[in-house]
Amino acid sequence: MASPSPSSLSPPKVPYELFKLNRKKLLDSFLHHLSISSRPIHGFILLQGGKEETRHCTDHVELFRQESYFAYLFGVQEPGFYGAIDVSSGESILFAPRLPDDYAVWSGEIKPLSYFKEKYMVTSVFYTDEITKVLQHQYSGAGNPLLYLLHGLNTDSNNFSKPANFEGIDNFEVDLSSLHPVLTECRVIKSPLELSLIQFANDISSEAHVEVMRKTKVGMKEYQLESLFLHHTYMYGGCRHSSYTCICATGGNSAVLHYGHAAAPNDKTLGSGDMALLDMGAEYHFYGSDITCSFPVNGKFTQDQSLIYNAVLSAHDAVIASARPGVSWVDMHKLAEKRILESLIGVILVGDVDDMLHERLGAVFMPHGLGHLLGIDTHDPGGYPKGTERCNEPGLNALRISRQLLEGMVITVEPGCYFIDHLLLPALENPQTSKYFIHQEIHRFKGFGGVRIESDVYITSDGCVNMTKCPREIKDIEAVMAGAPWPIKQTIIQ
């Protein structure tokens, strides 16, 4: 008899009307912006897609992934494209690269322009060397045609979006300030079609996390856990891309917030007393997931591991129970800090929790922000709209979003508790914070690492829905690691 499939899921068909609806959403918002600014309704929104890049000076071509704003509006998978929206008519135009004849030998069929017009549901398609001619011919206003180009700050990376550039751009008027804030705000609120892709990325990633839990054994390497996850999401979910580099941290490595990079490459051997902190998420047709599971490598929680895990779980569940439209994300972060500190009082802390919060003791144990917007980017933009100030207090200054929640947002809830010497030692020596520690107890957590629990939620009209489906209670984690079933059923969002 054939063995059952490790997956109950199958990749959904990509609804390309999603991107057509995104273009309409942008056009409606942009026309409103022009109207209230008493500006004429003409010109073109123009974006440049990503280019294929080689590795340093070699001819090795890195796997291409589309620039995110361009992906949001056009859904184009191929490199080298431009896309335009006629502000006055609403027509959408793609410009495809004119490929050399030998492309057909090395890379496959050269698709006709009609293929891209049908697939990406745009009004018309031309070649990139025709941009100037086409836009000037279509422009109906006076003077040189006006181009609204994408240029603005990403508040997570502190990098700027690069405006489109092409031969002949000197024949156009250029606006670099209007488009970015409007388009960024469009990305904040997800449509049902966007939610369906984010949900699938969550479903397959949740299933993969469970598969990794089941197969984790003492003596394995961290990279083997990463490999299991990547295989499952690609094999059964068709996810060629991950949302980010996998963090597969065990033991003391789990206190390194962004472990897994080239200088810390998920290569430790798993020990029997280690906690594993696995932060991994798959991307499906641009839309991502971001999930963290923490569990003991040997499948059984110790008393101390249970203490820290339940402190974080209490914060995670409290935030999800409280998140709804109108709630301040800063307040949610403070709620998470409070729940963690309350759980530690009497074990490694002593004193009044409100006094601890005032001294920002929570940031010693949770130095990162509570979560971030999620969508086409893992850290989706829009957390700090124009006029929003970043708090400069420890912990709060790491928040990637500092605004009230809105219906339709997708946001991660990822509280954590870590024992980081770089933060703990100064807090133990500072008279303002040292008094809150039970010194003879805190030292036993040296080398413990940390715990993070991360779920992706979308905000509804009166609360939120958790899109992530991993076991969270200690009894469920231990049961799954011992071989108990944990069915992940594919979710359809209406």
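The following refers to the structure shown. Just so it is clear, the model here is predicted, and its values are computed rather than measured.

Considerations on the overall build of the protein chain
When its secondary structure is counted, the protein chain shows 16 helices and 17 strands. Relative to the 2.2 N^0.38 estimate, which gives 23 Å for 494 residues, the radius of gyration of the protein chain is 25 Å and therefore close to what a compact globule would have. With respect to the principal axes defined by its C-alpha atoms, the protein chain has extents near 75 × 60 × 45 Å. Between the centroid of the 41 positive side chains of the protein chain and the centroid of its 57 negative side chains there is a distance of 3 Å.

As for the pairing of strand β13 (residues 410-413)
Of the two faces of β13, the one lined by Val410 and Thr412 and the one lined by Ile411 and Val413 are each fully buried. Summarising the sheet, β13 and strand β16 (residues 455-459) pair through four bridges and their orientation is antiparallel. Across the sheet, Thr412 pairs through a bridge with Asp456, a residue of β16.

So, the sheet that holds strand β7 (residues 241-242)
Strand order in the open sheet formed by three strands is β7-β10-β11, with antiparallel pairing between adjacent strands. Both outer strands of the open sheet, β7 and β11 (287-288), are each paired with one neighbouring strand and no more. Pairing geometry for β7 and strand β10 (residues 282-284), over two bridges, is antiparallel. Counterpart to Ser242 in the pairing with β10 is Ala282.

Digging into the pattern of salt bridges
All chains considered together, the criterion is met by 24 salt bridges. The partner of Asp279 in a salt bridge is Arg452, and the shortest N-O contact between them spans 3.0 Å. With a gap of 173 residues between them, Asp279 in strand β9 (residues 275-280) and Arg452 in strand β15 (residues 450-452) connect regions that are remote in the sequence. The same class applies to Asp279 and to Arg452, which are both buried. Close ionic contact of Glu478 with Lys300 constitutes a salt bridge, the shortest N to O distance being 4.0 Å. One end of the pair, Glu478, is in helix α16 (residues 474-481); the other, Lys300, is in the loop between β12 (291-296) and α9 (303-322), with 178 residues separating them in the sequence. Residue classification places Glu478 among the buried residues on the basis of a relative accessible area of 18%. Residue Lys300 is classed as exposed on the basis of its relative accessible area of 54%. Overlapping salt bridges bring together Arg187, Lys190, Asp377 and Asp380 as one network.

Overview of the nonpolar core
Residues Ile308, Trp329, Leu349, Leu361, Phe365, Phe419 and Phe437 are the most contacted members of the largest nonpolar core, which totals 76 residues. Not counting residues up to four positions away in its chain, the partners in contact with Trp329 are Val319, Leu370, Gly371, Leu399, Ile401, Arg403, Leu405, Ile411, Thr412 and Val413. Residues Leu9, Tyr69, Val87 and Tyr120 belong to the second largest nonpolar core, which totals 50 residues.

So, the sheet that holds strand β2 (residues 82-86)
Reading across the sheet, the six strands line up as β4-β3-β2-β1-β5-β6 and stay open at both edges, with mixed pairing between neighbours. What marks the edges here is a single partner per strand, and that holds for β4 (124-127) and β6 (173-175). Between one strand and the next, the sheet's axes are offset by a mean angle of 25°, whatever the strand orientation. Pairing analysis gives five bridges linking strand β1 (residues 44-48) to β2, with the strands arranged antiparallel. From the neighbouring strand, Leu46 faces β2, where its bridge partner is Ala84. Lying over the sheet, helix α4 (residues 113-120) contacts β3 (92-96) and β4, oriented at roughly 140° with respect to β4.

A short note on the side chain of His180
Considering the arrangement of structural elements, one finds His180 in helix α6 (residues 179-188). Side-chain polar atoms of His180 contact the side chain of Tyr69, separated by 3.3 Å. What His180 contacts, discounting residues up to four positions off in sequence, is Tyr69, Leu150, His151, Gly152, Leu153 and Ser161.

Concerning helix α7 (residues 192-215)
The terminal C-alpha atoms of α7 lie 35 Å apart, and with 24 residues this matches the ideal 34 Å at 1.5 Å per residue to within 8%. A large share of α7 lies buried, amounting to 19 of its 24 residues.

Section: the environment of Gln404
Looking at where Gln404 falls in the secondary structure, it is placed in the loop between α12 (362-365) and β13. Overall, the relative accessible area of 49% leaves Gln404 in the partly exposed class. The spatial distance from the C-alpha of Gln404 to the C-alpha of Ser343 is 27 Å, given a sequence separation of 61 residues. Apart from the residues lying within four places of it in its own chain, the contact partners of Gln404 are Gly326, Val327, Ser328 and Met409.

The rules behind these values
- Residues numbered from 1 in each chain as written.
- Predicted model: local features only at pLDDT ≥ 70, side-chain atom pairs only at ≥ 80, totals over all residues.
- Heavy atoms only, no water.
- Helix = DSSP H or I, 4+ residues; strand = E, 2+ residues; numbered from the N terminus.
- Rg over C-alpha atoms; globule rule 2.2 N^0.38 Å.
- Lys, Arg positive; Asp, Glu negative; His and termini not counted.
- Charge placed at Lys NZ, Arg CZ, Asp CG, Glu CD.
- Buried < 20%, exposed > 50% of the residue type's maximum accessible area, 1.4 Å probe, protein only.
- Pairing = 2+ DSSP bridges.
- Salt bridge = Lys/Arg side-chain N within 4 Å of Asp/Glu carboxyl O.
- Core = buried A, V, L, I, M, F, W, Y, C linked by side-chain atoms within 4.5 Å.
- Contact = heavy atoms within 4.5 Å.
- Axes fitted to C-alpha atoms, helices over the stretch in contact; angles between N-to-C directions.
- Polar contact = N/O pair within 3.5 Å; in protein donor to acceptor, adjacent residues only side chain to side chain.
- Expected span 1.5 Å × (residues − 1).

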